[in-house]
2 protein chains.
Amino acid sequence: MRGTAICGTNSNMDTAAARTVFPRLDESLLSHLPPFSKLDRQQVRAILDLAVSRRYDAGASVFEEGSPADRFYMLLDGYVRVVRITPTGEQVTALHIPAGQLLGIAKAIGKEAYPATAIAAAESIVLSWPMGLWDKFVADYDGFATETYKTIGNRLGEVNTRVVEMATQQVEQRVANALLRLISQTGRKVSNGIEIDFPITRQDLSELTATTLHTVSRVLSAWEKQGLVQSKRKRITVCDPHALVVLSQV
Amino acid sequence: MRGTAICGTNSNMDTAAARTVFPRLDESLLSHLPPFSKLDRQQVRAILDLAVSRRYDAGASVFEEGSPADRFYMLLDGYVRVVRITPTGEQVTALHIPAGQLLGIAKAIGKEAYPATAIAAAESIVLSWPMGLWDKFVADYDGFATETYKTIGNRLGEVNTRVVEMATQQVEQRVANALLRLISQTGRKVSNGIEIDFPITRQDLSELTATTLHTVSRVLSAWEKQGLVQSKRKRITVCDPHALVVLSQV
DNA sequence: TTCAAACGTTGCGCTGTCGCAAATTACTTA
DNA sequence: TAAGTAATTTGCGACAGCGCAACGTTTGAA
């Protein structure tokens, strides 16, 4: 999907507040996505006409923890990580959101403010709607609510899994699991394995696995020597997924 | 067990917990609880007449991870902990549920099976309904859905907080936070402080804070010497909550 | 081309926490 | 009351992973 339909229009815009309305969004953008898949053409058209589309550079924040939840979002393309920041400034990544999912749906869980910060991990294209439309979407569009709550359920499960992992596994296993999850969500097949399809640093991985960038670096170096992974700056390729699976289950 | 049965004489349940036959349930049981607070007397009556009531001994499981989600529950009295069990048999407590909350609401998050096991931490009284009634409740009863999703939102927030804590805090701080949360949820004022109002072992606390019973024991012993807590077997009293707050934020 | 900033690697010492083991105390049941 | 079981405490050794520090590498801007 990267680079099709809606891309190429807007230039470098200010990450502050600028919103660009794209010429005309195509129905096919949404019609195959779970929350909208049961809708007919006209309904999707109506939804798209209410949407604002915007591009985010890698590292830009889509919304911030604690600020009033005035819009909800659909990640069309790219990758977003949801982070929380501790009083001491440490970042912890709660989960990753792949393209095709809703985010910032505070209203669905009865919140008036976003409970976490969403940061584009790669360049991303995001649709958004005013939160005021939420109830209308739920009421008018068949399957929207159901699919939304499935998404929330999955995220609850994911976070729960993180808790269990952090409680019971060693760093090496957590990193292995994190990599496996990343390649399953955004893996791109390359000659020597599966590459994570967005730039990711040792620091990012450490925030995802509750460790330090140093330890992640050491782990990856060791794996590279064994031929399990290959990595350049900000790029990681998993060459032997099965070996990681084995490692992660020790 | 179908229909209008209001006693706990259903037979397809597993554990050895004794069952108590209740007299006709009173509307006041539910009318002040968030999911039902907007309903009138007749509606609450109708809901109660569909409910099955049951008592669980401490340690008995209300439902188990992976089994088909055929009922949803309301914890009337007592305290339930939600745990996940790893392949290697270790238990990790995901969250605690105080009286007055729904649990086992898999349907709300689009699941067909319970995603975790619920264990009564203290003797508990639980109402339940067949999951088939879920959609009816959502459709017929004003505020039921909204309040349910608030509950889910809060739990998501809670689990997220656990992740952040486990990622950034030392054992001592995690235990302090766990105790503070427990006394805020089920604290009972006693002469020398606030006691956690259900039996809780070092092992339980360790499963809640991702550590070992030994370490918890050491931490509590140290605190007891400093007069912050007092503990007997299965009983913990926090004498100086403020000191714990300070400790937890180092 | 130069330079600075960001990212990554690696060695070393330290320590928080675990794991094991053994003893003690507190309940339960016969 | 005694025996048995569950919960707790405590000491000690081991080590995974952290923190620090120094250095290497890549990138992009001037």
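Just so we're clear, the structure is a prediction, and the values are computed from it rather than from any experiment.

## So, the protein's contact with DNA strand C
Right, so step 1: Around DNA strand C sit 17 residues, and of these R202 and R233 of chain A together with V171, T211 and T215 of chain B come closest.
Right, so step 2: In DNA strand C, atoms within 4 Å of the protein come 62% from sugar and phosphate.
Right, so step 3: A distance of 3.2 Å separates a base oxygen of DNA strand C from a polar side-chain atom of H214 of chain A.
Right, so step 4: With respect to DNA strand C, the side chain of R233 of chain B contributes an N or O atom lying 3.5 Å from a base nitrogen.
Right, so step 5: Taken together, the elements giving at least two residues each to the surface near DNA strand C come down to α7 (213–225) of chain A together with α7 (213–225) of chain B.
Right, so step 6: When residues of the surface near DNA strand C are assigned to their parent elements, the largest contribution, four residues, is made by α7 of chain A.
Right, so step 7: Here the residues of the surface near DNA strand C are counted per class, giving two nonpolar, nine polar and six charged.

## Points about the side chain of T209 of chain B
Right, so step 1: Relative to the elements of secondary structure, T209 of chain B occurs in helix α6 (residues 202–209).
Right, so step 2: A polar contact of 2.7 Å, which involves the side chain of T209 of chain B, links it to the backbone oxygen of L205 of chain B.

## Focus: unusual backbone geometry
Right, so step 1: A positive phi angle, close to 60 degrees, is found at A210 of chain A, a residue other than glycine.
Right, so step 2: Examined against the element boundaries, A210 of chain A turns out to sit in the loop between α6 (202–209) and α7.

## Some points on the relation of the copies chain B and chain A
Right, so step 1: Between chain B and chain A, the superposition needs a rotation of 180 degrees and an axial shift of 0.0 Å, giving an RMSD of 0.1 Å. The operation mapping one copy onto its partner corresponds to a two-fold rotation axis.
Right, so step 2: When the interface residues of chain B are mapped onto chain A, 100% of them again lie at the interface, so the same face is used by both copies.

## Remarks on the packing of helix α4 (residues 144–168) of chain B against helix α5 (residues 171–186) of chain B
Each packed pair of helices is defined by two parameters, the angle between the axes and the distance between the axes.
Residue and element names in this part refer to chain B.
Right, so step 1: Taken N-terminus to C-terminus, the directions of α4 and α5 make an angle of 155 degrees; their axes are 10 Å apart at the nearest point. As far as their axial angle goes, α5 and α4 are roughly antiparallel. Helix-helix and strand crossings are classified by hand; for α4 and α5 the assignment is right-handed. For the pair α4 and α5, contact is made by E158, T161, R162, E165 and M166 and by R174, N177, R181 and Q185, respectively.
Right, so step 2: Along the lines of polarity and charge, the residues of the contact of α4 with α5 split into one nonpolar, three polar and five charged.

## Considerations on the protein's contact with DNA strand D
Right, so step 1: In the vicinity of DNA strand D there are 17 residues, among which V171, T211 and T215 of chain A together with S217 and R233 of chain B approach most closely.
Right, so step 2: Atoms of DNA strand D within 4 Å of the protein belong to the sugar or the phosphate in 62% of instances, the rest to bases.
Right, so step 3: A distance of 2.4 Å separates a base nitrogen of DNA strand D from a polar atom in the side chain of R233 of chain B.
Right, so step 4: Those elements that provide at least two residues to the surface near DNA strand D are α7 of chain A together with α7 of chain B.
Right, so step 5: When its residues are assigned to classes, the surface near DNA strand D shows two nonpolar, nine polar and six charged.

## Structural notes on helix α2 (residues 41–50) of chain A
Residue and element names in this part refer to chain A.
Right, so step 1: When we look at burial in α2, the residues that qualify are V44, R45, I47 and L48. Angularly, the buried residues of α2 cover 165 degrees about the axis, an arc narrow enough to put them on a single face.
Right, so step 2: Taken together, the buried residues of α2 touch α1 (28–31), β8 (124–130) and α3 (134–140).

## A few points about the domain arrangement of chain A
Residues and elements named next belong to chain A.
Right, so step 1: Here chain A is described as being made up of domain 1 (28–162) and domain 2 (169–249).
Right, so step 2: A C-alpha centroid distance of 26 Å is found between domain 1 and domain 2.
Right, so step 3: Each side of the interface is counted separately: domain 1 has 11 residues, and domain 2 has 10 residues.
Right, so step 4: Taken together, both faces of the contact between domain 1 and domain 2 bury some 1,000 Å²; the carbon and sulfur share is 55%.
Right, so step 5: On the domain 1 side of the interface with domain 2, the three residues burying the most area are Y79, H96 and R162, jointly 43% of the side's total.
Right, so step 6: Along the contact surface separating domain 1 from domain 2 lie one salt bridge.
Right, so step 7: For R81, the salt bridge is made with D204, and the minimal N-O distance between the two is 3.7 Å.

About the cut-offs
- Residues numbered from 1 in each chain as written.
- Chains lettered and ligands numbered in written order.
- Predicted model: local features only at pLDDT ≥ 70, side-chain atom pairs only at ≥ 80, totals over all residues.
- Heavy atoms only, no water.
- Near = heavy atom within 4 Å.
- Polar contact = N/O pair within 3.5 Å; in protein donor to acceptor, adjacent residues only side chain to side chain.
- Helix = DSSP H or I, 4+ residues; strand = E, 2+ residues; numbered from the N terminus.
- Nonpolar A, V, L, I, M, F, W, Y, C, P; charged D, E, K, R; others polar.
- Least-squares fit on C-alpha atoms with pLDDT ≥ 70 in both.
- Contact = heavy atoms within 4.5 Å.
- Axes fitted to C-alpha atoms, helices over the stretch in contact; angles between N-to-C directions.
- Parallel < 35°, antiparallel > 145°, perpendicular 65-115°, else oblique.
- Left-handed = near helix turned anticlockwise from the far one by under 90°.
- Buried < 20%, exposed > 50% of the residue type's maximum accessible area, 1.4 Å probe, protein only.
- Arc of directions from axis to C-beta.
- Domains from an automatic or database assignment.
- Buried area = accessible area lost by both parts, 1.4 Å probe.
- Salt bridge = Lys/Arg side-chain N within 4 Å of Asp/Glu carboxyl O.

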